[in-house]
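# Coordinates in review
Single-letter residue listing:
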Amino acid sequence: MLPAIRLVSEAAALAARRHNGMARKGRGNEPYINHLAEVASLLAQVTDGADAELVAAGWLHDTIEDTGTTRAELAEKFGEHIADLVVEVTDDMTLPKLVRRQRQIEEAPHKSVGAKLIKIADKVSNIRARIVPNPSKEERDDLIDYVGWAEKVVAGCRGGNALLDQTFDDTVRLARSAL
Ligand code: ZN
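Now for a description of the structure that goes with this document. (Residues numbered from 1 in each chain as written. Predicted model: local features only at pLDDT ≥ 70, side-chain atom pairs only at ≥ 80, totals over all residues. Heavy atoms only, no water.)

### Focus on the packing of aromatic side chains
Selection rule: Aromatic rings from Phe, Tyr and Trp, taking only the six-membered ring of Trp, are treated as a pair when their centres fall within 6.5 Å; an angle between ring planes under 30 degrees marks them as stacked, one over 60 as edge-to-face, and anything in between as tilted. Put simply, DSSP H or I for four residues or longer makes a helix, DSSP E for two residues or longer makes a strand, and each gets a number counted from the N terminus. Summary of the burial criterion: residues with accessible area below 20% of their type's maximum are buried, those above 50% are exposed, and those between are partly exposed, where the area comes from a 1.4 Å probe applied to protein chains only. Remark: a charge is flagged as sitting over a ring if the NZ atom of Lys or the CZ atom of Arg is within 6 Å of the ring centre and within 35 degrees of the ring normal.
Tallied over the full model, the rule gives one aromatic pair. Ring centres 5.4 Å apart and planes at 75° place the aromatic pair Y146 and W149 in the edge-to-face group. Separated by three residues within a single helix, Y146 and W149 lie in helix α9 (residues 137–155), roughly one turn from each other. Relative accessible area serves as the criterion here: at 10%, W149 is assigned to the buried category. Taking the ring centre of Y146 as reference, the NZ or CZ of R130 above it sits at 4.0 Å.

### Side note on the packing of helix α8 (residues 113–130) against helix α10 (residues 162–177)
The condition that has to hold: Angles here are taken between N-to-C directions and fall from 0 to 180 degrees, while the axes themselves are lines fitted to C-alpha atoms, restricted in helices to the stretch in contact. Any angle between 65 and 115 degrees counts as roughly perpendicular, while under 35 counts as roughly parallel, over 145 as roughly antiparallel, and the rest as oblique. With the far helix as reference, a near helix turned anticlockwise by less than a right angle produces a left-handed crossing, and one turned clockwise produces a right-handed crossing. The criterion used for residue contact is that any of the two residues' heavy atoms lie within 4.5 Å. Note that Gly is not counted as nonpolar here; it falls among the polar residues with everything else outside the nonpolar set of Ala, Val, Leu, Ile, Met, Phe, Trp, Tyr, Cys and Pro and the charged set of Asp, Glu, Lys and Arg.
Relative to each other, α8 and α10 sit at 20°, their axes nearing to 10 Å. Put simply, α8 runs roughly parallel to α10. Between α8 and α10 lies a crossing of left-handed hand. Along the contact surface, α8 presents L117, I120, A121, K123, V124, I127 and R128, while α10 presents L164, D165, T167, F168, T171, V172 and A175. Residue composition of the contact of α8 with α10, by class: nine nonpolar, two polar and three charged.

### Points about the coordination of the zinc ion
Stated precisely, the cut-off is as follows: Only N, O and S atoms count as donors, using a 2.8 Å limit from the metal and a wider 3.2 Å limit for Na, K and Ca, and since water is excluded some coordination spheres may look unfilled. A four-donor site is called tetrahedral if each angle lies between 85 and 135 degrees; a four-donor site is square planar, and a six-donor site octahedral, when trans pairs exceed 155 degrees and the remaining angles lie between 65 and 115; all other cases are labelled irregular.
Distances from the zinc ion to its protein donors, H35 (NE2), H61 (NE2), D62 (OD) and D122 (OD), fall at 2.1 to 2.3 Å. Taken together, the four donor atoms coordinating the zinc ion span angles of 81 to 174° at the metal, a pattern that classifies the geometry as irregular. Expressed as a motif, the donor residue spacing for the zinc ion is H-x25-H-D-x59-D. Separated by 61 residues along the polypeptide, H61 in the loop between α3 (52–60) and α4 (63–67) and D122 in helix α8 bring together distant segments of the chain. Across this residue pair, the class does not change: H61 and D122 are buried.

### Observations regarding the side chain of E53
To be explicit about the condition: A positive count includes Lys and Arg, and a negative count includes Asp and Glu. His and the chain ends are not counted in either. Between Lys or Arg on one side and Asp or Glu on the other, a salt bridge is scored when a side-chain nitrogen of the former is within 4 Å of a carboxyl oxygen of the latter.
Here E53 shows up in helix α3. At 11 Å, R71 is the nearest oppositely charged side chain to E53, a buried residue that forms no salt bridge.

### Digging into the packing of α3 against helix α6 (residues 80–88)
Each pair of packed helices can be summarised by the angle the axes make with each other and by the distance between the axes. Contact geometry of α3 with α6 gives a least axis separation of 9 Å together with a crossing angle of 45°. When the interaxial angle is binned, α3 and α6 end up oblique. As α3 packs across α6, the resulting crossing turns out to be right-handed. Residues E53, A56, A57 and L60 of α3 touch α6, and the partners they reach there are H81, I82, L85 and V86. Broken down by class, the residue content of the contact of α3 with α6 amounts to six nonpolar, one polar and one charged.

### A word on helix α5 (residues 71–78)
Every buried residue of α5 is listed here: E73, L74, A75 and F78. Against the buried residues of α5 lie α1 (4–18), α3, α4 and α6.

### Observations regarding the environment of G156
Structurally, the position occupied by G156 is in the loop between α9 and α10. Spatially, the C-alpha atom of G156 lies 24 Å from that of S177, the residues being 21 residues apart in sequence. Among all residues touching G156, those that are not within four sequence positions of it are A108, P109 and K116.

### Overview of the pattern of salt bridges
Inspection of the entire model under this criterion finds 15 salt bridges. One salt bridge connects D145 with R101, and the closest N-O pair in it is separated by 3.0 Å. Of the two residues, D145 is situated in helix α9 and R101 in helix α7 (residues 97–107); the sequence distance between them amounts to 44 residues. K137 serves as the salt-bridge partner of D141, at 2.6 Å between the closest nitrogen and oxygen. Note that D141 and K137 are positioned in helix α9 at a spacing of four residues, about one turn of the helix. Several salt bridges share partner residues, and in doing so they unite R18, E73 and K77 into one network.

Right, dumping it as structure tokens:
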């Protein structure tokens with residue numbers, strides 16, 4: 001395995017290159033890399049930096065789903081464990097959105113602890129991005145819809161890290177108070 005600082009830095013660099021030019025949904029079309037930095041940073045904070053592979057996987061968590069990066073490539077560069085984590089949090093994009101959402105709810109309880117933590121951090125970041133001042137009706141509906149679904153997914157992911165569970169609950173509370 002690469003030394004921790006290399007693992008995290010090289011994962012961040014690959015993610016930045018692969019997601020180059022992409023924007024995220026919500027809050028002012030931020031560059032996609034902001035989402036990845038937020039997820040990786042949340043994972044680093046709640047584990048107090050104890051798990052470099054988890055943080056690296058946080059940087060890389062959308063590369064297979066959104067950029068055509070392969071599991072084999074991640075395994076070669078970052079090792080089998082990180083490749084497995086990213087595969088675990090990758091949706092099958094050939095399926096319709098509603099089917100993918102239902103699958104996430106059903107499959108969450110069967111994921112590894114690391115994959116569950118990435119999923120919760122991902123939902124925290126995606127909810128935060130949807131909290132905007134003076135939301136339009138469309139933005140409110142989108143936030144209500146997203147939070148309702150995220151709570152169902154996260155229900156199957158809890159228990160691996162109390163601080164992250166708490167952060168999710170705080171984020172949901174903030175979202176509801178913003179409506
Ligand atoms: Zn994500």
